[in-house]
Each structure stands twice: as structure tokens, then as C-alpha cells.
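Chain by chain, the residues:
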Amino acid sequence: ILVPADFDIRGRGELQPVVVRDIFAPTDGTVREVRVKTGDPVHAFDPGLAEERALVLMENADLELEFRRVTGEMQTAEKRLSAIKAARLENRPGSANYSPAEDEQLTAEQEELNKTLESLRDQLKILEQQRADLVVGSPLDGEVLTWEVGELLDSRPVQWGQVLMTVADLDGPWELQLRVPDDHINHVQDAQQADEPLKVTFFLGTDPGVTYEGEVDEIALATESDEQEGATVLMTVKFDRDQLPRLRPGATVVGKIHCGQRPIGYVWLHDLWDAVQTWVLF
């Protein structure tokens with residue numbers, strides 16, 4: 001009761017770059033070509049350099065068929081409109097064969113064709129945008145993280161909203177994502193009420209002999225369920241990336257959150273004490 005000791009809460013997680021983006025299929029279709037592989041550098045998509053900076057090229061047979069239908073109807077309407085204009089020139093007032101009834105009929109048909117062409121041009125703009133969406137690019141400068149992305153996607157049908165790949169800015173800031181057991185998160189939250197940010201020490205699963213330092217940045221409001229770890233709360237830890245010689249997305253990490261000092265008996269037996277409290281109250 002009287003002897004103080006450091007009170008630490010443990011969690012497991014992984015290293016991740018802060019800026020990570022999933023790239024989604026913009027429409028239903030089939031992947032025609034995958035232009036990148038795992039680890040390739042990518043640049044933010046520029047519509048003016050669409051083909052040059054494309055990550056994935058898709059195709060959609062229904063879209064292509066509709067595009068051909070609309071362009072065909074436009075060509076037919078434009079030819080008919082040219083013929084009507086020529087006929088009106090021959091049937092203009094003052095000509096030998098001028099017919100007011102025929103001129104009225106040609107004028108009405110011309111107006112109808114102009115409206116039809118206007119509608120077809122609007123449809124064509126939408127179809128052209130949908131065709132442009134089949135060229136899939138990256139929203140940021142970074143690298144491709146998805147493993148064997150070519151084998152995963154090449155010549156495969158995909159649906160709107162399906163994740164095609166993940167890219168990340170590996171040169172930017174990184175964070176440690178720790179999962180803390182739900183029944184221990186209250187200790188972290190109680191300690192976080194102090195003015196000083198909570199210190200965290202952690203080590204990589206591949207190199208447990210070396211420890212690094214960071215600070216708690218954010219604690220999630222919701223609890224997540226995991227088949228292996230049970231109910232956990234996600235916590236992000238910021239750290240100086242220069243501490244680590246190599247940064248690998250998803251690297252396994254074991255962290256220890258320093259929650260101040262408590263009586264050594266409680267530090268040793270707090271899990272048992274929490275269990276007894278639960279048993280007595282419920």
C-alpha cells in the first residue's frame with residue numbers, strides 16, 4: 001500500500017504512415033491493365049497527364065456501347081440537320097419553287113433536331129467523364145503498399161467502391177497504432193487527465209532488444225472487437241521517426257503506456273482487483 005511503483009499498461013499494434021489512402025473502383029468494370037507493382041512510387045493524379053500517371057486502366061463494355069450509340073445518333077442527327085438547312089436554302093422566299101408549308105415543316109424539324117442534338121451532347125459529356133474515370137490515379141505522392149497488386153487485379157471484374165489498392169506517403173510522418181484491452185483503457189484515460197502527455201515506450205517485434213519513445217496522441221471513442229485480442233480500443237502514438245533506422249508499414253510493435261505511479265500491490269494485482277470488483281458488484 002505504501003511503496004510506490006510505475007504503473008504501465010501494455011498494448012500491441014503496428015507502425016503505419018499517417019497519410020494512407022485506399023484507391024477505390026470509380027465504377028463497375030474490368031481491369032484492363034495494372035501499371036504499378038508493390039513498392040512503386042506514384043504521383044498525385046493529374047487529369048492533364050492521365051495516361052502517364054495512371055495506376056489502373058479499366059474498361060466497361062456497357063459504357064462503351066452507350067458511347068457508340070450516342071455518337072452514332074449525333075452523327076445521324078447532324079447529317080439530317082445539314083440536309084434540312086440545304087433544303088431550306090433551296091426553298092427560301094423568292095425562289096421559283098418556294099412553298100410556305102414545306103418551309104414551316106423544315107423549320108419545325110430543324111428546331112426538333114437542335115433540341116435532340118443538345119440532349120445528345122449533354123449525354124456525351126457525361127459518358128466522356130465516365131470514360132475518363134476508367135483511368136484510375138493516386139490522390140497523393142507516395143508508394144504502393146498492396147502486395148502483388150498486378151496478380152490481384154489484372155483482367156479481374158471489379159465493382160463500384162471496391163478497394164483496388166492502398167498507397168501511402170512513406171516520407172511523411174508516421175504513427176504507432178496500439179490496441180489497448182478495453183478493460184484497461186480507463187487507467188490510461190485517468191492518467192491522461194494530467195497536463196503532461198502520456199509517455200510511451202515501445203519495441204519492434206523484430207528487434208525486442210531496442211526500445212523507442214513516443215507520446216499518446218489520440219484515443220478512439222469506440223471499442224472494436226477482434227477474434228484474437230477481444231475487445232480493444234485503438235490508440236495512436238506519435239514519435240520521432242528518426243529514432244527508427246527502418247520504417248516498414250504494418251511492423252508489429254509492443255508498447256507500454258506509462259500511467260504514473262500506484263502502490264506496488266495494485267501494480268502487481270490490479271487485474272485481480274478489477275476481477276474481484278466485477279464479481280462483487282455483479
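Anything mentioned here points back to the structure above.
**Some words on the nonpolar core**
If you look at soluble globular proteins, the nonpolar side chains tend to sit buried side by side. Ranked by size, the top nonpolar core spans 32 residues in total, and within it Leu55, Val56, Val144, Leu153 and Met165 carry the most contacts. Those elements that provide at least two residues to this core are strand E3 (29–34), strand E5 (56–59), helix H1 (61–90), helix H2 (100–133), helix H3 (149–153) and strand E9 (163–168). By residue number, the principal contributor to this core is H1, which donates seven residues. Setting aside its immediate chain neighbours within four residues, Leu55 contacts Ile23, Glu33, Val34, Arg35, Val36, Val42, Val136, Gly137, Ser138 and Met165. Formed by 29 residues, the second largest nonpolar core is a distinct cluster that contains Phe7, Ala168, Val188 and Val216.

**A word on unusual backbone geometry**
Phi angles above zero are rare outside glycine, and Glu148 is one such case at about 50°. Mapped onto the fold, Glu148 is located in the loop between strand E7 (142–144) and H3. The residue Ser155 is not glycine, and still its phi comes out positive at about 65°. Along the polypeptide, Ser155 turns up in the loop between H3 and strand E8 (157–158).

**Topic: the packing of aromatic side chains**
Applying the stated rule across the entire model yields two aromatic pairs. Between Phe202 and Tyr212, the aromatic rings sit 5.7 Å apart at their centres with planes inclined by 35°, giving tilted as the arrangement. You can see Phe202 sitting in strand E11 (residues 199–204) and its partner Tyr212 sitting in strand E12 (residues 207–226), a full 10 residues away along the chain. Comparing Phe202 with Tyr212 shows no difference in burial state: the two are buried. Each member of the aromatic cluster is reached from another via a ring pair, and the members are Phe202, Tyr212 and Phe239. The ring of Phe67 carries the charged tip of Arg131 above its face, separated from the ring centre by 3.9 Å.

**A word on the pattern of salt bridges**
A side chain with one charge can pair with a side chain of the opposite charge if their charged atoms come near. In the structure shown here, the tally under the stated rule is nine salt bridges. Note that Arg69 is salt-bridged to Glu73, the shortest N-O span being 2.8 Å. Within this pair, Arg69 and its partner Glu73 are both found in helix H1, separated by four residues, close to a single helical turn. Between Asp103 and Arg88 there is a salt bridge, and its shortest N-O distance comes to 3.6 Å. Of this pair, Asp103 sits in helix H2 while Arg88 sits in helix H1, and the two are 15 residues apart along the sequence. Residue classification places Asp103 among the buried residues on the basis of a relative accessible area of 16%. If you follow the salt bridges from partner to partner, you end up with Glu66, Arg69 and Glu73 in one network.

Rules of the game
Residues numbered from 1 in each chain as written. Predicted model: local features only at pLDDT ≥ 70, side-chain atom pairs only at ≥ 80, totals over all residues. Heavy atoms only, no water. Core = buried A, V, L, I, M, F, W, Y, C linked by side-chain atoms within 4.5 Å. Buried < 20%, exposed > 50% of the residue type's maximum accessible area, 1.4 Å probe, protein only. Helix = DSSP H or I, 4+ residues; strand = E, 2+ residues; numbered from the N terminus. Contact = heavy atoms within 4.5 Å. Phe/Tyr/Trp six-rings, centres within 6.5 Å; stacked < 30°, edge-to-face > 60°. Lys NZ or Arg CZ within 6 Å of the ring centre and 35° of its normal. Salt bridge = Lys/Arg side-chain N within 4 Å of Asp/Glu carboxyl O.

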